[in-house]
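Residues per chain, in single letters:
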Amino acid sequence: MAPSTILYVFCILLFHLQITRGKQVNCNSLSCGDIDIQFPFGLKGSNQDRSCSYYPAPTFHLSCINRTQTILTLPYFGDLLVKSIDYESQSIRVNDPNGCLPKRFLHKWNLSGSPFKLNPALYGTTPYNLTFRRCPSNVTDSPQLPLVPISCLSNSNNSSVIVSWSQPIVSSPMVSQWCEVISWAYVPLPTLDIPMWPFWPDLNDDLQLVWAQPRCKECALSGQLCGFSKDNSLQVACYPSSRSSSKGLSRSAKYGLAIGVGIPGLLCIIGFSCFLCGKFRMMTHRGPSTELPATISLEPIPFVMGLDGATIEKYPKTLLGESGRLLKPNDNTCAICLSEYEPKETLRSIPECNHYFHAQCIDEWLKMNGTCPICRNSPEASSTISFSSLSPTSSLSSS
């Protein structure tokens, strides 16, 4: 096999391998209600390949209830309703599906066994130790010490549940005497909104969790999709999204795409060119032909030379007036220098076709070429010289 053919086949295989290596498992876009579900999250019961979600952590597998509620299940916290997912900051907002998050805090809870933790930028490093108390309504409604009850923990038996510091900074005899301690619990509170007793923020606000692994925020910030880099590996990489524009690609991705496609493509062009050259050489080197044409007819070859100065001077000249325009509006530009005619300029025309030009331009032209620059007609037949020394018909017979 010729070397050019081998190079051509090698380039085709290299280009095919390059494309195949860049392919990723086709992961369809999923959603539940208003929640967009993509890597590292997956949806239980879907037909996606397991590599479309971060399968080493089962808590990334969400549930969809009635196609409207997205549920996140944590080992020591239970089911939580997903309110939103921010892939750029790798954060997720959750709440209690029944609308009573403070009730969850009354039981022992923690986030161990999951890749999630409380957002330290919002809640600090540790939750606050608070006391939950049940008080009669006349205590919580007292004008001297108004207390805001937790509505979802209160009942209709004229009692309300309030919360306070475990070691209150300011103690109230009324609270100590009439309120019953239900439980002590750790509650995450925003550090930028630390309450002053007895005024507390709404404990039923959404809880914000974050995850560190897998790290996919760079992909989301560049408008790309995150996924496993290759089979049997937990490393992740960014892949182009069909919804992202080319300007969403990072600089390294553009360089990689240019190198990965450009080099194999260039090698294939070179290989294909060598292949065609080899074929052409094989066709042209098969040996001389044993037959010659019986008759070769050589026709006269006309060769047009320029005109002499005396002939050129015979062509009429025209001096433009103040307007600088000719009778024909289409003849106001010299076809040789492409400049418009100016007043007081001298023009020369060719009698046979009546085309005008700057006198200096057409004089130089006719000295080298005896034809009109526009219509290519020869103005002087005598200037055309035919080399007819080869005009007789010659007969050549093959030996």
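Above this note sits the structure.
Attention in this report is confined to the structure presented alongside it. (Residues numbered from 1 in each chain as written. Predicted model: local features only at pLDDT ≥ 70, side-chain atom pairs only at ≥ 80, totals over all residues. Heavy atoms only, no water.)

## Overview of the overall build of the protein
Condition: Starting at the N terminus, helices and strands are each numbered in turn, a helix being any DSSP run of H or I of at least four residues and a strand any DSSP run of E of at least two. Note on exposure labels: buried denotes an accessible area under 20% of the residue type's maximum, exposed denotes more than 50%, and partly exposed covers the range between, all computed with a 1.4 Å probe on protein chains only. Any two residues whose heavy atoms approach within 4.5 Å at even a single point are treated as in contact. Per-residue and other accessible areas were derived by the Shrake-Rupley procedure at a 1.4 Å probe size, with only the shown protein chains allowed to occlude residues.
The helix and strand inventory of the protein stands at nine helices and 21 strands. Every one of the 399 residues in the protein was classed for burial, and the buried ones make up 33%. Within the protein, contacts between residues at least 6 apart in sequence are counted, and of these 61% link residues at least 24 apart. Entry remark: accessible area of the protein is about 25,200 Å², with carbon and sulfur atoms responsible for 57%.

## Digging into the state of the cysteines
Put simply, the test is: We call a pair of cysteine sulfur atoms a disulfide whenever their separation is within 2.5 Å.
In this structure the tally under the stated criterion is five disulfides. The disulfide partner of Cys32 is Cys64, and the S-S distance across this bridge is 2.0 Å. Linking Cys32 and Cys64, the disulfide has an S-S dihedral of approximately 85° and is accordingly described as right-handed. Here Cys32, found in strand 1 (residues 30-32), pairs with Cys64, found in strand 4 (residues 61-65); they are 32 residues apart in sequence, far enough to count as distant. Overall, the relative accessible area of 30% leaves Cys64 in the partly exposed class. One disulfide bridge connects Cys216 with Cys226, the sulfur atoms lying 2.1 Å from each other. Across the S-S bond linking Cys216 and Cys226, the dihedral sits near -55°, which makes this disulfide left-handed. Here Cys216 is found in the loop between strand 12 (207-211) and helix 6 (217-221), whereas its partner Cys226 is found in strand 13 (residues 225-228), with ten residues between them in sequence. You can call Cys216 buried: its relative accessible area is 6%. This cysteine, Cys277, is not joined by any disulfide, and Cys274 carries the nearest cysteine sulfur, 6.3 Å off. Here Cys277 falls in the partly exposed class, since its relative accessible area comes to 40%.

## Some thoughts on the nonpolar core
Just so we agree on the cut-off: For this analysis, a nonpolar core means a set of buried residues of the types Ala, Val, Leu, Ile, Met, Phe, Trp, Tyr and Cys, connected via side-chain atoms within 4.5 Å.
Counting residues in hydrophobic clusters, the biggest one holds 48 residues, and the most contacted among them are Phe41, Ile85, Ile92, Phe116, Phe132 and Leu209. Excluding residues that lie within four positions of it along the chain, Ile85 makes contacts with Ile35, Asp36, Phe41, Leu62, Ser91, Ile92 and Trp211. Listed in part, the 14 residues of the second largest apolar core include Ile312, Tyr315, Leu347 and Cys353.

## Here's the deal with the sheet that holds strand 10 (residues 159-165)
Basically, it comes down to this: Paired strands are those between which DSSP finds at least two bridges. Axis angles are defined between N-to-C directions and span 0 to 180 degrees, where every axis is a line fitted to C-alpha atoms and, for a helix, only to the segment in contact.
If you trace the three strands from one edge of the open sheet to the other, you get 10-9-11, paired in antiparallel fashion. Both edges of this open sheet fall to strand 10 and strand 11 (180-187), since each of them pairs with a single strand only. Adjacent strand axes in the sheet meet at a mean angle of 30° when their direction is disregarded. Judged from the seven bridges that link them, strand 9 (residues 128-136) and strand 11 form a sheet pairing that is antiparallel. The residue bridging Arg133 from the neighbouring strand is Val181, located in strand 11.

## Points about the pattern of salt bridges
Here is the rule: The salt bridge criterion pairs a side-chain nitrogen of Lys or Arg with a carboxyl oxygen of Asp or Glu, the two atoms within 4 Å.
In total, this model carries six salt bridges according to the counting rule given. With a closest N to O distance of 2.1 Å, Asp206 and Arg93 form a salt bridge. With Asp206 in the loop between strand 11 and strand 12 and Arg93 in strand 7 (residues 91-95), this residue pair connects regions lying 113 residues apart in the sequence. By relative accessible area, which is 31% here, Arg93 ends up partly exposed. Where Glu313 meets Arg348, a salt bridge forms, and the shortest distance between an N and an O atom there is 3.7 Å.

## Describing helix 9 (residues 359-368)
Every buried residue of helix 9 is accounted for by Ala359, Cys361, Ile362, Asp363 and Leu366. Along its buried surface, helix 9 packs onto helix 8 (309-313), strand 18 (346-350) and strand 19 (355-358).

## Thoughts on the pairing of strand 9
Alignment of strand 9 against strand 10, held across seven bridges, turns out to be antiparallel. Looking across to strand 10, one finds that Thr131 is bridged to Ser164.

## Concerning the side chain of Asn95
What counts, and what does not: Two N or O atoms count as a polar contact when they lie within 3.5 Å, although within protein this holds only if one can serve as hydrogen donor and the other as acceptor, and sequence-adjacent residues are included solely when both atoms are side-chain atoms.
Residue placement: Asn95 occurs in strand 7. Given the relative accessible area of 7%, Asn95 is considered buried. Among the polar contacts made by the side chain of Asn95, one reaches the main-chain carbonyl oxygen of Asn204 at a distance of 3.0 Å. If we skip the residues at most four places from it in the chain, Asn95 touches Leu80, Leu81, Lys83, Leu101, Asn204, Asp205 and Asp206.

## Some thoughts on the sheet that holds strand 17 (residues 317-319)
Taken in spatial order, the three strands make up an open sheet running 17-18-19, and their pairing is antiparallel. Because the sheet does not close on itself, it has two edges, and the strands there are strand 17 and strand 19. Strand after strand, the sheet turns through a mean of 35° between neighbouring axes, direction not considered. The pairing of strand 17 with strand 18 spans three bridges and is antiparallel. Looking at strand 18, one finds that Thr318 is bridged to Leu347.

## Some details on the environment of Lys117
Along the chain, Lys117 falls in strand 8 (residues 116-118). Accessibility expressed as a relative area gives 47% for Lys117, which makes it partly exposed. On a C-alpha basis, the gap between Lys117 and Ser91 in space is 9.6 Å, while along the polypeptide they are 26 residues apart. If we skip the residues at most four places from it in the chain, Lys117 touches Leu111, Gln208, Leu209 and Val210.

## Some remarks on a nonpolar patch on the surface
Using the following cut-off: Any residue with relative accessible area above 30% and no salt bridge may belong to a patch, with like charges joined within 9 Å and the nonpolar Val, Leu, Ile, Met, Phe, Trp and Tyr side chains within 5 Å.
Side chains of Ile259, Ile263, Leu266, Leu267 and Ile270 sit close together on the surface and give an oily, nonpolar patch of about 440 Å² of accessible area. Mapped onto the fold, Ile263 is located in helix 7 (residues 251-284).

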